[in-house]
Amino acid sequence: MAVEHPAGVLCSYDARERSFQAEMNMKKQIAEHLAPQIGSLDEEGILALLEYPPNPEMGDVSLPCFKLSKTLRKAPDAIARELKNNMPPHPLVQRVEAVSGYLNFYLDPAAFAGQLVSEILQKRDRYGSQDVGGGRTIVIDYSSPNIAKPFHIGHLRSTVIGHSLARIFTFMGYRCVRVNHLGDWGTQFGKLIAAYLRWGDRTKIEQDGIDELLRLYVKFHEEAEQNPELEDEGRAWFVKLEQGDAQANELWKWFIGISLNEFEKIYKFLGVTFDSYAGESFYNDKLDKVIDGLRAKNLLEQDEGALIVRLDEFNMPPVLILKKDGSSLYHTRDIAAAIYRKETYDFDKAIYVTDYAQNLHFQQWFKVIELMGFEWAKDLVHVPFGRVSLEGGVGLSTRKGNVVKLEDLLKQTIEKTREIIEAKNPSLANKDEVARQIGAGAVIFSDLSAGRIKDVVFSWEEALNFDGETGPYVQYTHARACSVLRKAGGGSVDGVRLEPAEIPVEWLLDAEAQQVLKQLYLFPEKVHQAMDKLEPSVVSRYLIDLAQSFNRFYHDCPILVEDAALRTARLALVECVRTTLARGLHLIGLEAPEQI
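In this text, all values refer to a predicted model and were calculated from it rather than measured experimentally.

Q: Would you mind going over the packing of aromatic side chains in detail, with residue names and values included?
A: Applying the stated criterion to the full structure yields 29 aromatic pairs. Both rings, one in F347 and one in W376, keep their centres 5.7 Å apart while their planes meet at 90 degrees; by these two values the pair is edge-to-face. Within this pair, whereas F347 is found in the loop between α14 (330–345) and β9 (349–355), its partner W376 is found in the loop between α15 (359–371) and β10 (380–385), the two being separated by 29 residues in sequence. Side by side, F347 and W376 carry an identical accessibility label, which is buried. Here F550 and F553 contribute two aromatic rings whose centre-to-centre distance is 6.2 Å and whose plane-to-plane angle is 40 degrees, an arrangement assigned as tilted.

In structure tokens:
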């Protein structure tokens, strides 16, 4: 049964979602153990109450007994004490304490290490994956840059958030259809055609690409401020384009080809791919079906020659479906696209990743889909994110030329990375490729390290800073783990053969190793949380925590020691970290080089 949640949160409470568990899920094991002792609450209810104490001295898992007080008609302290006294032994639990209404569980370190290390070494890069999707389809609409305009830093957020969500949902058992809904239609193309015919040079456009198209677009708006009649000229050319005018259509297709070549360079840098590039124009021949459907439901009204759908009773402005000149708008094309995607892909969810300034737009046309009688309107999800501005409070505007091209940012970060590599590891093989992996990773991680709904003020200095809690820091930690394994394996990361049954986990009981294990344990939960909240930053922050724990372990606990048992145990832990870091980096769109 689907339930309503705040905008941008996806939850589906069917049986497959509730079945989330890893083999080494200590909360689930404890919930199963507690269920017979608590008659008023089933295993799922207990699982929902269990939490991780903020202080390890308070245990590894805790059950607050306050919510049980009403149904059991006892004080929380009494409930906790009674549960402790009646608790049968469990192989994972070392001891149980009742403190101030909490039942605190302290895990047996060896049992915990044994179960977790075995699971990770058995599952390898599938550790953390759960088949909650069951093969159901999710369509994710993201990136969606405008044709004939530069791919700037404002487009980065939708691109990397959507790309990460697609990887997370795929990892969780869904079939993901990645859609790049290109902005390839609208009045701006009439303006660009008018600008090209007045001031354009074909040779210069072929040479400079989008930069020259942007110059013409900016010039059009500068000139239109002095000569408003230019706006009419631009609109007239778009009407010609809509009517199939040969000259307008040829120029429009040319602009698209130039733009796609530029965009593909960016996507290659970022490692981003799509299953569909069907842009707004793709739905032009599908709009009549929308209009007919709206008429059939008596939803259309005429308003000064335009066609609208009123949403007054839902406290929203009316939706403009067709302008008085008969041309369509974003709402119309988005409705057509949603119907097409449902018919084509039969999605379980359709997710749209755009900035929060479009919240009302999506609320409006989602409601129209519902009013048209489509029960799957409930499966349309808007994932909003904060807007990007430049330092000094300058907003991004292609009309005014206020943009920072993403290509320029990527090239600068890659160049800086190359300089660092030359200074610190000049003999590194494939320096250019590693510089690309680290440079692009720095840009992606900087965007995904904070909550997506936050506004971002772009700073060159911060974007080019590799120190602190960054993507390069996590990538370097992964490379460090690879280096240890390579030394132990005679020059090969895969040279160390570690079988789960042969790991002497009694050598992983020290505080540093246990802290790393506790971080490793959290990975499946964090991935599931990132999926539920549609929030890749959950994974990004987790990777920083895991990297920091591992680096403390690396500095404090020698790994390549003479004692064979200790060496094997610690190498197993290194391998678990390497595997988890690599998978986590993949889920947020970063690569994991073995050497830096």
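Once you've had a look at it, read on.
Q: Describe the sheet that holds strand β1 (residues 61–64), listing the residues and the values that go with them.
A: As summarised here, the arrangement of the three strands in space is β1-β3-β2, forming an open sheet in which the pairing is antiparallel. Each edge of the sheet is formed by a strand with only one pairing partner; in this case those strands are β1 and β2 (93–99). For this sheet the average axis-to-axis angle between neighbouring strands, irrespective of direction, equals 15 degrees. Where β2 meets strand β3 (residues 102–107), six bridges bridge the pair, whose relative direction is antiparallel.

Q: With reference to specific residues and values, describe the state of the cysteines.
A: One pass over the full model with this rule turns up zero disulfides. Unpaired in terms of disulfides, C576 finds its nearest cysteine sulfur in C482, a separation of 14 Å. A relative accessible area of 0% places C576 in the buried class.

Q: Could you give an account of the packing of helix α20 (residues 511–533) against helix α21 (residues 537–556), with specific residues and numbers?
A: Following both chains from N to C, one finds α20 and α21 inclined at 170 degrees, their axes separated by 9 Å at the closest point. By the angle between their axes, α20 is roughly antiparallel relative to α21. The residues of α21 that touch α20, namely those facing E512, A513, Q515, V516, Q519, L520, L522, F523, K526, Q529 and A530, are V538, V539, Y542, D545, L546, S549, F550, F553 and D556. Within the contact of α20 with α21, the residues separate by chemical class into 12 nonpolar, four polar and four charged.

Q: Go over the environment of F263, please, and point to the residues and values.
A: Mapped onto the elements of the fold, F263 is located in helix α12 (residues 246–270). Note: C-alpha distance between F263 and I339 (76 residues apart in sequence) is 27 Å. Apart from the residues within four sequence positions on either side, F263 is in contact with P145, N146, I147, K149, F151, L182 and I210.

Q: An account of helix α6 (residues 109–123) is requested, with residue identities and associated values reported.
A: The end-to-end C-alpha distance of α6 is 21 Å, a good match for the 21 Å that 15 residues give at a rise of 1.5 Å each. Those residues of α6 that fall on the buried side of the exposure criterion are A111, F112, A113, G114, L116, V117, E119, I120 and L121. For α6, the secondary structure elements touched by its buried residues are α2 (26–34), β3, α20 and α22 (564–587). Measuring from the backbone nitrogen of A110 back to the side-chain oxygen at the start of α6 gives 3.1 Å, which picks out D108 as the cap.

Q: Please provide a residue-by-residue account of helix α8 (residues 187–199), values included.
A: Helix length check: α8 (13 residues) gives 18 Å between terminal C-alpha atoms against 18 Å at 1.5 Å per residue, within 8%. If you check which residues of α8 are buried, you get Q188, F189, G190, K191, L192, I193, A194, A195 and Y196.

Q: Give me the lowdown on unusual backbone geometry, citing residues and values where you can.
A: With a phi close to 75 degrees, S143 is a non-glycine residue in the positive phi region. Structurally, S143 is set in the loop between β4 (137–141) and α7 (153–171). Phi is positive for L534, close to 55 degrees, though the residue is something other than glycine. Within the fold, L534 resides in the loop between α20 and α21.

Q: Explain the sheet that holds strand β8 (residues 319–322) to me, using residue names and the numbers behind them.
A: Taken in spatial order, the three strands line up as β6-β7-β8 in an open sheet, and their pairing is antiparallel. At either end of the open sheet lies a strand with only one pairing partner, and these are β6 (300–303) and β8. Going from strand to strand, the sheet's axes swing by 45 degrees on average, the running direction of each strand aside. Here three bridges tie strand β7 (residues 306–309) to β8, and the two strands are oriented antiparallel to one another. Directly across from L307, in β8, lies its bridge partner L322.

Q: Before we move on, can you summarise the environment of V132 with the specific residues and values?
A: Structurally, V132 can be placed in the loop between α6 and β4. Spatially, the C-alpha atom of V132 lies 32 Å from that of A357, the residues being 225 residues apart in sequence.

Q: Could you give an account of the pattern of salt bridges, with specific residues and numbers?
A: On inspection of all chains with the given rule, the structure shows 39 salt bridges. Ionic pairing is found between R124 and E575, a salt bridge with its closest N-O pair at 2.6 Å. Here R124, found in the loop between α6 and β4, pairs with E575, found in helix α22; they are 451 residues apart in sequence, far enough to count as distant. A relative accessible area of 30% places R124 in the partly exposed class. Taking relative accessible area as the criterion, E575 reaches 5% and is therefore assigned buried. Among the ionic pairs, D432 bridges to R418, the shortest N-O distance being 2.5 Å. In this pair, D432 sits in helix α17 (residues 431–448) while R418 sits in helix α16 (residues 406–424), placing the two residues 14 residues apart along the sequence. Each of K349, E375, K378 and D379 takes part in salt bridges that share partners, so that together they form one network.

Conventions adopted
- Residues numbered from 1 in each chain as written.
- Predicted model: local features only at pLDDT ≥ 70, side-chain atom pairs only at ≥ 80, totals over all residues.
- Heavy atoms only, no water.
- Phe/Tyr/Trp six-rings, centres within 6.5 Å; stacked < 30°, edge-to-face > 60°.
- Helix = DSSP H or I, 4+ residues; strand = E, 2+ residues; numbered from the N terminus.
- Buried < 20%, exposed > 50% of the residue type's maximum accessible area, 1.4 Å probe, protein only.
- Pairing = 2+ DSSP bridges.
- Axes fitted to C-alpha atoms, helices over the stretch in contact; angles between N-to-C directions.
- Disulfide = S-S within 2.5 Å.
- Parallel < 35°, antiparallel > 145°, perpendicular 65-115°, else oblique.
- Contact = heavy atoms within 4.5 Å.
- Nonpolar A, V, L, I, M, F, W, Y, C, P; charged D, E, K, R; others polar.
- Expected span 1.5 Å × (residues − 1).
- Polar contact = N/O pair within 3.5 Å; in protein donor to acceptor, adjacent residues only side chain to side chain.
- Salt bridge = Lys/Arg side-chain N within 4 Å of Asp/Glu carboxyl O.

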